[in-house]
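A closer look at the structure
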Amino acid sequence: MKHDHGTKDLGDSRLIIAVAVNAVLTVAQFIGGIISGSLSLIADALHNLSDAASLGIAFFARKIGRKPADPFKTFGYKRAEIIAALINLVILIIVGLYLIYEAIWRFIRPEAIEGWTVVIVAGIALLVDIITATLTYSMSKKSMNIRAAFLHNVADALASIGVIVAGTLILLYGWYWVDTVMTLVIAGYVLWQSFAMLPNTIHLLMEGTPEQLSISDVITEMENVEGVENVHHIHIWQLDEHHNALEAHVVIKQHTLSDIEHIKTILKQRLHSQFEIDHSTLEIELKGNDCYTTYDKCVQNIPNSPATHSEND
């Protein structure tokens, strides 16, 4: 347990460092953009500001997500990270739309740009983006929250490369319009990556069925268990990115209590091994000559049966 705690602390430290360097870089980019007159550099600064914000949100969401379950949040607080991912994506979309607005105005009212300032500041920004992406890469593999922040940095690194190219073309050929075009490219990429992640994030928050699971396959697997007659009223959802849950009504033939418990055990084992469903609630319904109802209403027909009828993990 101590080792795990140390790993979490290391991840938190990485996020704090990433937030700090991105905040400093944002100030430098804004100043450089104002001095040089480069809209693409200011666009990169805004995107970088959203990077710093996204990393800060990711940091606090990780802290909240580690809180244990309590009477008010019986499943725990892990879904806070999904909410943070949604916030980050919304910020990206707002930034992207704003950049498009500014780029259109720059086409209408073009301005002279100092190419060397653009190239130097964007070069520093690229270095910081690479460092930040390196800090968050390993963490992004296991968290949608961190992955959203990581994508911020990847997009910003690409944007910095674009700004360097724009500054170089301005120095060589005086093509000031390239700066505006690059701003639109940055905005387009920001919106593209945001809208790509948004559906999955909303799907999880709406308690949708995990994309890798098919309800029909789950029902078929459950009904293949000996003694199970029918499975209906089934719901499958994700508690967070890594934990799936299920509730279902399971119709079985009338058996002894030990038979019923044995079927439950097999069902839960298969749900876990075949579909990675960690939490399952099974409502047992009994099918016999004179009874097809829930376990508690047929309790008198089962030898040595208790008064409960569902099972939770």
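The structure under discussion appears in the preceding block.
Residues numbered from 1 in each chain as written. Predicted model: local features only at pLDDT ≥ 70, side-chain atom pairs only at ≥ 80, totals over all residues. Heavy atoms only, no water.

1. A look at the packing of aromatic side chains
The relation between two aromatic rings is expressed through the spacing of the ring centres and the mutual angle of the planes. In this structure the tally under the stated criterion is 4 aromatic pairs. With 5.7 Å between their ring centres and 25° between their planes, W175 and W177 make a pair best called stacked. Aromatic pair Y189 and W192: ring centres 5.6 Å apart, planes at 40°, arrangement tilted. You can see Y189 and its partner W192 sitting in helix α6 (residues 177-205), 3 residues apart, about one turn around the helix. Note on Y189: relative accessible area 26%, which makes it partly exposed. Three or more aromatic residues link up through ring pairs in this structure, and these residues are Y173, W175 and W177. (Phe/Tyr/Trp six-rings, centres within 6.5 Å; stacked < 30°, edge-to-face > 60°. Helix = DSSP H or I, 4+ residues; strand = E, 2+ residues; numbered from the N terminus. Buried < 20%, exposed > 50% of the residue type's maximum accessible area, 1.4 Å probe, protein only.)

2. Let's talk about the nonpolar core
Ranked by size, the top nonpolar core spans 22 residues in total, and within it M222, L246 and V250 carry the most contacts. Looking at this core, the elements that each hand over two or more residues are α7 (215-223), β1 (228-240), β2 (243-253), α8 (257-275) and β3 (277-287). Broken down by element, this core gets its largest block of residues, 5 residues, from α8. Beyond its immediate stretch of four places on either side in the chain, V250 contacts M222, V228, N230, V231, L267, L282, E283, I284 and E285. (Core = buried A, V, L, I, M, F, W, Y, C linked by side-chain atoms within 4.5 Å. Contact = heavy atoms within 4.5 Å.)

3. Thoughts on the side chain of Q238
Take Q238: it is sitting in strand β1. The class of Q238 is buried, set by a relative accessible area of 11%. Leaving out residues up to four positions away in the same chain, Q238 has contacts with R79, L204, G208, P210, H243 and N244.

4. Observations regarding the pattern of salt bridges
Counting across every chain of the model gives 3 salt bridges. For E221, the salt bridge goes to R270, with nearest N and O atoms at 3.4 Å. Taken together, the residues E221 in helix α7 and R270 in helix α8 connect sequence positions 49 residues apart. Across the pair E261 and K264 runs a salt bridge whose closest N-O atoms are separated by 3.7 Å. Taken together, the positions of E261 and K264, both in helix α8 and 3 residues apart, correspond to about one turn of that helix. Under the relative-accessibility criterion, E261 is labelled partly exposed at 31%. Since its relative accessible area comes to 4%, K264 is described here as buried. (Salt bridge = Lys/Arg side-chain N within 4 Å of Asp/Glu carboxyl O.)

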